[in-house]
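# A closer look at the structure
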Amino acid sequence: MDFRFSVRSLRRAAGFSAAVIITLTLCIGANTTIMSVLYGLILKPMPFRDSGQLVQVYNSLPKTNRLRERVSIPQYLDYKANADLFAGFALWATWTFNIGEDADTERGIGARVTADYFEMLGVTPLLGRFYTMDECTPGKDDVLVLTENFWERKFNADPTVIGRIIRLGGQPFTIIGVAPRSLEAFNSDTTVLKPFEWSPVQATPRARWSPTATLYARIKPGVAHSTAQAQVLTLERRAQETAPPAMKEVLDRGGFRLGVVQVRTEQTRSVRTSLLMLQGGAFLVLLLGCVNVANLMLARANARKMELAVRQALGAGLGALVRPMVIEGLLVATAGATLGLGLAWGSLRIINRYTTAIVREVAPIALDGTVLTVTLLSAVTVALLIALLPALAIWRTNLAHSLQGGNRGALAGSRTRTASGWLVVAQVALALVLLIGAGLLMRSFSRVLNVNPGFDAARVVQGRTVFGVPGMKGMTAEGIKTTQDLILARMREIPGVEKIGCISGFPLSPTISLTNIPLRGSIPGQPETHATAAGLNVSPGFFEAMGIRLLEGRDFNETDATFWPRRAYIIDENFARKYFPGRSAIGEAFAFGDPKLPSDQWPRIVGVVASAKLFGLEDNSETPVGFSVMGPSAGFSMVLRTSRPAKEIIPQMRAKLRSVDPSAPLYHEGSLEEDLDNMLSNRRGVMWLLGAFAGIALLLSAVGIYGMLAYDVAQRTREIGIRGAIGASRGQIVGLILKQGLWKTGAGVLIGLGGAFYLSRYLGSLLFEVKPTDPLVFAAVCALLLVVSFLASWLPARRAAKVDPMVALRAE
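Below or above, wherever it landed, is the structure these notes cover. Everything numeric here is computed off the predicted structure, so don't read it as measured data.

Strand β10 (residues 214-219) sits mainly inside the fold: six of its six residues count as buried. Burial of β10 is two-sided: the residues Thr214, Tyr216 and Arg218 facing one way and the residues Leu215, Ala217 and Ile219 facing the other way are all buried. Summarising the sheet, strand β1 (residues 54-61) and β10 pair through four bridges and their orientation is antiparallel. From the neighbouring strand, Gln56 faces β10, where its bridge partner is Tyr216. As paired elements, strand β3 (residues 86-99) and β10 share six bridges and run antiparallel to each other. Pairing of Leu91 across the sheet is with Leu215, part of β10.

Tallied over the full model, the rule gives 23 salt bridges. Its salt-bridge partner being Glu197, residue Arg112 comes within 3.6 Å of it at the nearest N-O pair. With a gap of 85 residues between them, Arg112 in strand β4 (residues 106-113) and Glu197 in the loop between β9 (192-195) and β10 connect regions that are remote in the sequence. Judged by its relative accessible area of 18%, Arg112 is buried. With a closest N to O distance of 3.3 Å, Lys140 and Asp134 form a salt bridge. Residue classification places Asp134 among the partly exposed positions, given a relative accessible area of 47%. Each of Asp78, Arg208, Glu236 and Arg238 takes part in one network of salt bridges that share partners.

A cluster of basic side chains, namely Arg4, Arg8, Arg11 and Arg12, defines a positive patch on the protein surface. As for its position among the elements, Arg4 is in helix α1 (residues 2-12).

What follows is about the environment of Thr334. By the element assignment, Thr334 lies in helix α11 (residues 318-358). One polar contact links the side chain of Thr334 to the main-chain carbonyl oxygen of Leu330, over a distance of 2.6 Å.

Another point: the nonpolar core. Grouped together as the largest cluster of nonpolar side chains are 98 residues, with contacts concentrated most on Leu432, Phe455, Phe543, Phe627 and Phe693. By residue number, the principal contributor to this core is helix α14 (residues 407-449), which donates 14 residues. Here Leu432 is in contact with Val749, Gly752, Leu753, Ala756, Val781, Cys782 and Leu785, once residues within four sequence places are set aside. In terms of nonpolar packing, the next biggest core, distinct from the first, is built from 28 residues, Phe89, Ala93, Trp209 and Phe256 among them.

Definitions and cut-offs
- Residues numbered from 1 in each chain as written.
- Predicted model: local features only at pLDDT ≥ 70, side-chain atom pairs only at ≥ 80, totals over all residues.
- Heavy atoms only, no water.
- Buried < 20%, exposed > 50% of the residue type's maximum accessible area, 1.4 Å probe, protein only.
- Helix = DSSP H or I, 4+ residues; strand = E, 2+ residues; numbered from the N terminus.
- Pairing = 2+ DSSP bridges.
- Salt bridge = Lys/Arg side-chain N within 4 Å of Asp/Glu carboxyl O.
- Patch = residues over 30% accessible without salt bridge, like charges linked within 9 Å, V, L, I, M, F, W, Y side chains within 5 Å.
- Areas by Shrake-Rupley, 256 points an atom, 1.4 Å probe, with all protein chains shown as cover.
- Lys, Arg positive; Asp, Glu negative; His and termini not counted.
- Charge placed at Lys NZ, Arg CZ, Asp CG, Glu CD.
- Polar contact = N/O pair within 3.5 Å; in protein donor to acceptor, adjacent residues only side chain to side chain.
- Core = buried A, V, L, I, M, F, W, Y, C linked by side-chain atoms within 4.5 Å.
- Contact = heavy atoms within 4.5 Å.

If you want it as structure tokens, here you go:
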């Protein structure tokens, strides 16, 4: 009976029910979405036993900005033999290959891993077997393990695939097993795994400081990560005692140390701070929504005071009065949670489109059972809280006096209005904190967009290829160079192509790899005389195609590309400013190459170009960059400046490429503007999500202020009528109501400013050229809240001014 009564009651108050359900939908949906992302990327254990003990071991040279360096094969063998605090080690290296024949050729991503990788993770094959350490040797490494996803997609989950021979990169491999899907949690990009092989030379002590692969390990149960790290660091220090003096100098100058970090922590390092901040923002939205709903429920309970008094007079006890309110709370919370889960499901489908661009190793995020349980418990908690607050107000009210129109009933209404007012103050304070956070990120984003990249990305199309792989072992450097030149010549034939160049890596790279470039005249043992810079290999015409200005000297020409070692180098403005201050860098020489060369053949600087943000628009490191001529290479990225859109150019690029080599794929293709835009996807995503939370908070605050004042006007009809009867003008009545709303907003702004000053400092790592206490953002947000408050207060104020004194007194 109570359930049917509550349903009819909510149906009669359709506006109230819709407001509460929509509020809870937005709040629960936002929290479930962010909680799912946070849990899926950071909090959810990897599907392996004791996954918290899985770590990555890396070399680090922080003084030269080389923070995550790979390890060498001798390091792996040393740790495996002597680090007894670890249960196992495994080497991992990304392996790219061409798969398919002729026009169907595509670029695949696999991994070369040692056989102990499977044992370290504790997985068993889905089909067939895993390879052994004996097969991790040259000549025996022609076996392959498929991932389950690749097996289903490429082979339609055919169980007879074991023993089949496929060609990857032109080389035959025998499929010996299929790995379970859980393995893809380690790296979702991987399609196949092959043995990690090495030659005897790569395992000698001299090769210890030749980084080769990523090293993963499992720490034994009960061993602290810091203790395990100390053990491998001790082994490393012992090995360094026998290192050549020049290598000791490099390690000391770089501040060498060995790092040990959890695998999941390392995978999500780039988004951890952002996600924790967004979860905090989502929680504030949930809290604000609960405050808003509680305010609405409180106002509804007070408005139903006469009805409740009549029911009490007819014999209803306190339980009978409270039960429908609890049921109403459960009904609206259930509806809000259901719709919120639907909103979260749709949001995750959108978010998953961008997740792989930010955290490529992690599988797509889904609504997890743990998150669903937390959401349902939250909905029940919210329902009880928003129901018990009105119940408490009823319990403290003498309902009998409501029938008599007594003063105690009026006093209770006054207390309710006071509580409602404080809830509005809390809403404004929470909204201000979220709005300031969103404002700071938006201002940072606008600063990033206004950065001059130093190149012109408009009308530039890029694409990468690898050609001639089946016969690479028989191809000479001259043959590779001839094919490379032929590909570029065919690309020039495409209508609309104005300039063309190529680079050995990618035109835009988010990582900076520094190297020592000793200048002629530098003194051994004195690092301050050496140049530390990023080195890039480019072809003649690259700078023109990219729109990078030549400031001094000349560009590369084909003659420069015929000499080896290279004799011509181009540096950027940062390099020239740092190492050749106050003078021209043209003609300056480098102290490497054949020492027997005559001085007129020393490697020299022939040009200086403008500094370009090739490592991201947010790179303020002013890292010096040195460019050398790209030599013969079967893999390179092409950069085409065109007068036509990318969607028209790319099919012709693919056709021209296959006219030279039908097996050569074109991948990572697209416009340079898209690539630049993708580099901002993390910042843009955080900004939009926090901005959405701030928008919800602003809407809820406006609704809260309006609801509080509208309820207050309804409760004070008699008072307003008397004020009008004794001579109060409409303007005075409007001012009274407006002042009430603006005072509460002002109190909320003051409280919120304190919270914003404290919390905004945690945004520091996400801001670009904007201080966490930026006065413009703080002032703009405060002004916005005051304007919204004024508008939300204006409608109830106008309604109060229209109250006819005679009608109000007659109704009373």
